[in-house]
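Chains, contacts and geometry: an overview
The residues making up each chain are set out below.
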Amino acid sequence: MPVEEFVAGWISGALGLVLGHPFDTVKLLGFFKGMSFPIASIAMVNSVLFGIYSNTLLALTATSHQERRAQPPSYIHVFIAGCTGGFVQVYCLAPFDLIKVRLQNQTEPRARPPGSPPPRYRGPVHCAVSIFQEEGPRGLFRGAWALTLRDTPTMGIYFVTYELCRQSTRDGQDPSPATVLVAGGFAGISSWAVATPLDVIKSRLQMAGLKRRAYRGVLDCMVSSARQEGLGVFFRGLTINSARAFPVNAVTFLSYEYLLRSWG
Ligand SMILES: CN(C)C(=N)NCCC[C@H](N)C(=O)O
């Protein structure tokens, strides 16, 4: 199994993450105060996504990343490979994503009035240990099913959009940096546009353990959220997700393509 796609995926994920830092700081407060935890976790998840995607395409089409310039894979193969990458990365992402959502939903310490109780979680490691102790090892995978439903098809869409947008490049030639940036940016936006409704549901399920709010599953959470707050609830966060997705994924794909190209 070629490993360079995993390494390129890790580095490009880290670079995208640095670029997304201002957006993530607005959204996530405590989680992104330091960069080391997100780089170790989210960049590792990106490495799994790109590595599995590329190796699945290799299995389906018997072409390496370099050979695919001259022999582009069909969109159905790209979609299957993207879905496979999305499915596998969920099980690395689930605990990190849970920690992110729990930290995101607690009050920012700097904004707390003096004398108010300290935040429940002191940071990502404390959050992971507390969930493990209070909700058991399975607690760390709370919301994983919703995450699977969110990421499996949307990662297929992510890679198909990327391939569609860079179609203007002639077979056998490398796409220009502008093409890669635009294709990567649109890949991010299209996948987040489709993913946002399930992202809302996933976050609610992940918070349920803490708030002792019981949902019977993904469907129950969808129905009760829509009943109480209307259909608009499914589009919460769409603007910030899209604004963040363009630069983050433009840089992720640009660095991924250039790293693989420079390694031959
Ligand atoms: C849930 N969806 C839609 C995605 N994860 N899409 C792919 C983008 C991944 C990238 N690391 C990002 O955070 O934008």
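Because the structure is predicted, anything quoted here is derived from the model rather than measured.

Take the overall build of the protein next. What the protein contains, in helices and strands, is ten helices and zero strands. For the protein, the sequential pattern of α-helices and β-strands runs α-α-α-α-α-α-α-α-α-α. Along the first, second and third principal axes, the C-alpha set of the protein runs to 65 × 35 × 30 Å. When burial is assessed residue by residue, the protein has 49% of its 264 residues classed as buried. In the protein, 77% of the contacts between residues at least 6 apart in sequence involve partners at least 24 apart. About 12400 Å² of surface is accessible on the protein, with carbon and sulfur atoms providing 66% of the total. For the protein, the separation between the mean place of its 25 positive charges and that of its 16 negative charges on side chains is 11 Å.

A few words on the side chain of Ser130. Mapped onto the secondary structure, Ser130 falls in helix α6 (residues 124–135). Taking the relative accessible area as the measure of exposure, Ser130 reaches 7% and is therefore buried. Polar side-chain contacts of Ser130 include one of 2.6 Å to the backbone oxygen of His126. Each residue touching Ser130, except ones within four places of it in the same chain, is listed here: Tyr121 and Glu135.

What counts, and where the lines are drawn
- Residues numbered from 1 in each chain as written.
- Predicted model: local features only at pLDDT ≥ 70, side-chain atom pairs only at ≥ 80, totals over all residues.
- Heavy atoms only, no water.
- Helix = DSSP H or I, 4+ residues; strand = E, 2+ residues; numbered from the N terminus.
- Buried < 20%, exposed > 50% of the residue type's maximum accessible area, 1.4 Å probe, protein only.
- Contact = heavy atoms within 4.5 Å.
- Areas by Shrake-Rupley, 256 points an atom, 1.4 Å probe, with all protein chains shown as cover.
- Lys, Arg positive; Asp, Glu negative; His and termini not counted.
- Charge placed at Lys NZ, Arg CZ, Asp CG, Glu CD.
- Polar contact = N/O pair within 3.5 Å; in protein donor to acceptor, adjacent residues only side chain to side chain.

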